[in-house]
Amino acid sequence: MKGLTCFFLCFFLSESRGFEIPTNGLSEFADYGDHVELAPGKFQFVPENRRYQEDVDQVTVYSYKVQSTITSRVANTVIQTKVVNHSPQPQNVVFDVQIPKGAFISNFSMTVDGTTFTSSIKEKTVGRALYAQARAKGKTAGLVRSRALDMEDFKTEVSIAPGAKVQFELHYQEVKWRKLGSYEHRLHLKPGRLAKHLEVDVRIIEPQGLRSLHVLDTFDGHFDGVPVVSKGPQKAHIAFKPTVAQQRKCLNCSETMVDGELVVMYDVNREEKVGELEVFNGYFVHFFAPENMDPIPKNILFVIDVSGSMWGIKMKQTVEAMKTILDDLRTEDHFSVVDFNHNVRTWRNDLVSATKTQVADAKNYIEKIQPSGGTNINEALLRAIFILNEANNLGMLDPNSVSLIILVSDGDPTVGELKLSKIQKNVKQNIRDNISLFSLGIGFDVDYDFLKRLSNDNRGIAQRIYGNQDTSVQLKKFYNQVSTPLLRNVQFNYPQPSVTDVTQNSFHNYFGGSEIVVAGKVDPEKLGQLQSIITATSANAELVLETLAEMDGLEDFLSKDKHADPDFTKKLWAYLTINQLLAERSLAPTAATKRKITKTILQMSLDHHIVTPLTAMVIENEAGDERMLADSPPQDHSCCSGALYHGSKVSPNSVPSWVNPSPAPVLPMPAVGAQVLESTPPPHVMRVENDPHFIIYLPKSQKNICFNIDSEPGKILNLVSDPELGILVNGQLVGAKKPKNKKLSTYFGKLGFYFQREDVKVEISTETISLSRGSRTSVLSWSDTAHVLNQRVLVSVKKEKTVTVTLDKEMFFSVLLHRVWKKHPINVDFLGIYIPPTNKFSPNVHGLIGQFMNEPKIHVFNERPGKDPEKPEASMEVKGQKLVVTRGLQKDYRTDRVFGTDVPCWFVHNSGKGFIDGHYKDYFVPQLYSFLRRP
């Protein structure tokens, strides 16, 4: 999802056992009687977040309003909505807003049927303690990391009784950065349904003066003429207020067309002196954006991941983007290309000038890349650093040039140095101070936090794009942002002691192609010193910056506009300072330094009433006996716990350690007369992978026994059936797209878990994860990260990787997602399942896996060379039968998602005949939640 603000309401049919709000009439919402009728239907699919949500008749979005005011690049946004429940049943209403990752939430309030809840910012541990004392019933709130690019979600959910109404209001603030010659303000509008009153107001107040203003058409012409734009010399107003009729997708449609972005692009007037100084209320902000300067020569190393996981559309789009990027190079630029999988190659061992001949040759080289193999990030980066260092040592680089490394990868390291902290250390020790490292992570599996640390530590930034986005467009956009140097070695000399606590966004000092922003506190008695000449020294020239806005003139200008934010300088200073301190905190060399920085961040967060990684928002009613808590997502983790749907917030520590085990030492597997095989067995579980391969670990014998099931697509196999405890696990097979070597492979495409005593069903497919209890259903996407507790059943989703189902912290089931290229001629997405042996099942548990919870006695003997010298044979006695088994390797994908870890096992032929009870067809069941009927 693109854009900066996304809002939608979700309606769930609620059972009366939860918290209910009494109905006190609708006096405040008298005109709700003329509400917008909604289309009937049991479920509505919301593609953006891939969840199903119940659409209940007569639940009305009365109003949906967004007000956004930008005062000298500081944007304050307020989202407000009012909802009434006309249905005869209680409803759960979810207020879900997406905000940009860099924004700070400053306030939230809601009024539920006359009861007002307000927010306050507390130190995180204090907030959690207050929340624990008086948890609100039937209400939840939380901040979670979104699957959208660099976005976060604010969610709150309340249960409202028939006839009740609720109003939500959220405030957040952000700073607009100038990129590629303009400022961009995006509001992603998603009311989810028709709203009687839908209003969006964007006001821009720029003392420097507006040079340009443009509202993009992002709704395919549907709202032509609806946005009303008023522009003056220094102010602008954009009003977007479609009527109900204009909101409809078609004349008789009940679906809304308001599902997209309202995008405003603007720029301010700039003079040759290139600087703007604004002083107000004891703070100053200095904008520095030179134009008409000669481009600075660049030395660029493109480091491209060409491992097997890049095969298909990702590689194709990367190649197309790289060809366009290479065409943009100037002859003054120097470049080379490093591509890597388990090996590292270079197109040229030295930097070469970006002549037409060299660019054409590089494009030809990139077009011939065939992705395959593993991922050796460490060696690839060290090779790129070596090339740049060597060029610098030989005097090949222009002293006024800038040097960059741009890493493009979609996966974690699987070859060479695997320890991320060691890779980070290696890069830091070898890279020079005049080289910046930028990282672009592609897809869901990449460790984005590692890339962020890697880039932040080396004067760069990281960005992430997901598999559902256009890699080519995003890569080119990312390159344009990071490869347009602004100035090098900029220093601002402010008179002291008139200026204190100066904060400069150092990234924009080097890159961004746009603007440096400096903010600080001002001693009012010595303001004259600051309003004198300010100098900035760059590698190109000495620029004299004069004051553009005197304090009195700015105050007079702002006082004439009721919408202007008089605290914009203070907010901008706080915004820059906190973000800079957060970056310094993550790189603090000692614990004492980190504690000192942490104390400063915390105090500033409390003083300025904003949610940061160190604070939490406590939302409570006037009496203080009902509270909700919204934590900021952790700064250095890819996602946080507590995605809120049906159920409770649960710590991620509830997920057992065996889900992501560490590799055990390499152990030999001797076999008489045969080659010795070696493997790395992980902690012991029973598992089913691929098409489908069963690996049964027998703890008493300490052996892995394997067998395959060759069946047909659509068949449902029982894996675990324990009617006594009411526990069931079934799997439905899907087929490959076509046979290979005259054999059609089958895989598990869907798994069903049924906990009868809890009346909880969990259905996991390659697309969604659904949780049902009675008539109530929630559907999550693999793109979500969530921890959902329903009765004794905990479901933990790690986006695009695993789902773990836990019963009473005693029984664990882990499901791995395997994605393949959608255009692959044969393969399809499938699931793997991992179940550790346990004695928690009843003695009567059965199923293809369940029967081995009561371990049978086995005896493997007479090991001998097999027909294949690498696969020895042996005899195995089990369940009164003597079988011939073959030594081989199967795969465990928990530690290596691409190639898997080899698991040695004794393979039983003929679909496990003799090892499993009866015939494999005896384990067919008619429905996904059918218990096994034993003969």
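About the cut-offs
- Residues numbered from 1 in each chain as written.
- Predicted model: local features only at pLDDT ≥ 70, side-chain atom pairs only at ≥ 80, totals over all residues.
- Heavy atoms only, no water.
- UniProt positions renumbered as here; feature names shortened; annotations may be inferred.
- Core = buried A, V, L, I, M, F, W, Y, C linked by side-chain atoms within 4.5 Å.
- Buried < 20%, exposed > 50% of the residue type's maximum accessible area, 1.4 Å probe, protein only.
- Contact = heavy atoms within 4.5 Å.
- Helix = DSSP H or I, 4+ residues; strand = E, 2+ residues; numbered from the N terminus.
- Expected span 1.5 Å × (residues − 1).
- Salt bridge = Lys/Arg side-chain N within 4 Å of Asp/Glu carboxyl O.
- Pairing = 2+ DSSP bridges.
- Phe/Tyr/Trp six-rings, centres within 6.5 Å; stacked < 30°, edge-to-face > 60°.
- Lys NZ or Arg CZ within 6 Å of the ring centre and 35° of its normal.
- Disulfide = S-S within 2.5 Å.
- Axes fitted to C-alpha atoms, helices over the stretch in contact; angles between N-to-C directions.
- Parallel < 35°, antiparallel > 145°, perpendicular 65-115°, else oblique.
- Nonpolar A, V, L, I, M, F, W, Y, C, P; charged D, E, K, R; others polar.

- An unreviewed UniProt entry lists the protein chain under the name Inter-alpha-trypsin inhibitor heavy chain 2, with Bos indicus x Bos taurus as the source organism.
- Reading the Subcellular location (unreviewed entry) entry of the UniProt record for the protein chain gives the comment "Secreted".
- As its UniProt record puts it under Sequence similarities (unreviewed entry), the protein chain is described as follows: "Belongs to the ITIH family."

### Let's talk about the nonpolar core
Moving on, step 1. With 63 residues, the main nonpolar core has Leu 719, Phe 753, Ile 764, Ile 849, Met 876 and Phe 915 as its most contacted residues.
Moving on, step 2. Setting aside its immediate chain neighbours within four residues, Leu 719 contacts Phe 694, Val 729, Asn 730, Gly 731, Phe 748, Leu 751, Ile 833, His 846, Gly 847, Leu 848, Ile 849 and Gly 850.
Moving on, step 3. The next biggest cluster of nonpolar side chains, apart from the first, holds 54 residues, and it includes Ile 70, Val 202, Leu 213 and Val 226.

### A word on helix H13 (residues 591–607)
Moving on, step 1. Relative to the 24 Å expected for 17 residues at 1.5 Å per residue, H13 spans 24 Å between its end C-alpha atoms, a close match to the ideal helical length.
Moving on, step 2. Considering only its buried residues, H13 is in contact with strand S8 (115–123), helix H12 (568–586) and strand S33 (615–621).
Moving on, step 3. In the stretch just after H13, His 609 is the one whose phi turns positive, near 55°.

### With respect to the pattern of salt bridges
Opposite charge on two side chains permits them to pair, given that their charged atoms come into close proximity.
Moving on, step 1. If you walk through the whole model with that rule in mind, you get 26 salt bridges.
Moving on, step 2. Where Glu 763 meets Lys 750, a salt bridge forms, and the shortest distance between an N and an O atom there is 3.6 Å. With Glu 763 in strand S43 (residues 760–765) and Lys 750 in strand S42 (residues 746–755), this pair connects stretches of sequence that are 13 residues apart.
Moving on, step 3. The exposure class assigned to Glu 763 is partly exposed, which follows from its relative accessible area of 24%.
Moving on, step 4. Where Asp 917 meets Lys 879, a salt bridge forms, and the shortest distance between an N and an O atom there is 2.8 Å. Taken together, the residues span a long stretch of sequence, with Asp 917 in the segment after helix H14 (909–912) and Lys 879 in the loop between strand S52 (873–878) and strand S53 (881–892) at a distance of 38 residues.
Moving on, step 5. A relative accessible area of 34% places Lys 879 in the partly exposed class.

### What to know about the sheet that holds strand S18 (residues 260–268)
Moving on, step 1. Strand order in the open sheet formed by four strands is S12-S13-S18-S15, with antiparallel pairing between adjacent strands. Two strands close off the open sheet at either side, each with one partner strand: strand S12 (178–179) and strand S15 (210–215).

### Quick notes on helix H5 (residues 377–393)
Moving on, step 1. Taking 1.5 Å of rise per residue, 17 residues should cover 24 Å, and H5 covers 24 Å from first to last C-alpha, within 8% of that figure.
Moving on, step 2. The positive-phi residue at the C-terminal boundary of H5 is Gly 395, with phi of around 70°.

### Observations regarding the packing of aromatic side chains
Moving on, step 1. Under the criterion given, the structure shown has 14 aromatic pairs.
Moving on, step 2. On the basis of an interplanar angle of 90° and a centroid distance of 5.1 Å, the ring pair of Phe 219 and Phe 223 is categorised as edge-to-face.
Moving on, step 3. Accessibility expressed as a relative area gives 6% for Phe 219, which makes it buried.
Moving on, step 4. Feature note: the residues Phe 694, Phe 707, Phe 852 and Phe 915 constitute an aromatic cluster, connected by ring pairs.
Moving on, step 5. Across from the ring centre of Tyr 754, 5.3 Å away, lies the NZ or CZ of Lys 761, which sits over that ring.

### Quick look at the pairing of strand S14 (residues 195–205)
Moving on, step 1. Examined bridge by bridge, strand S4 (residues 59–71) and S14 share 10 bridges and lie parallel to one another. Its bridge partner lying in S14, Thr 69 is registered against Arg 203.

### Thoughts on the state of the cysteines
Moving on, step 1. The full count for this structure, using the stated rule, is two disulfides.
Moving on, step 2. Sulfur-sulfur distance for the disulfide between Cys 250 and Cys 253 comes to 1.7 Å. Since a negative S-S torsion denotes a left-handed disulfide, the Cys 250-Cys 253 link at about 90° is right-handed.
Moving on, step 3. Of the residues examined, Cys 250 reaches a relative accessible area of 37% and is grouped as partly exposed.
Moving on, step 4. There is a disulfide in this structure between Cys 706 and Cys 905, and the S-S distance comes to 1.9 Å.

### Regarding the environment of Ile 366
Moving on, step 1. Mapped onto the secondary structure, Ile 366 falls in helix H4 (residues 356–367).
Moving on, step 2. Sequence spacing of Ile 366 and Val 337 is 29 residues, and the spatial spacing of their C-alpha atoms is 8.6 Å.

### Observations regarding the packing of H5 against helix H6 (residues 420–430)
Moving on, step 1. Contact geometry for H5 and H6: axes closest at 10 Å, N-to-C directions at 5°. Taken together, the axes of H5 and H6 are roughly parallel relative to one another. Note on element contacts: H6 touches H5 through Ile 423, Asn 426, Val 427 and Asn 430, opposite Asn 378, Leu 381, Leu 382, Ile 385 and Asn 389.
Moving on, step 2. Residues that form the contact of H5 with H6 fall into these classes: five nonpolar, four polar and no charged.

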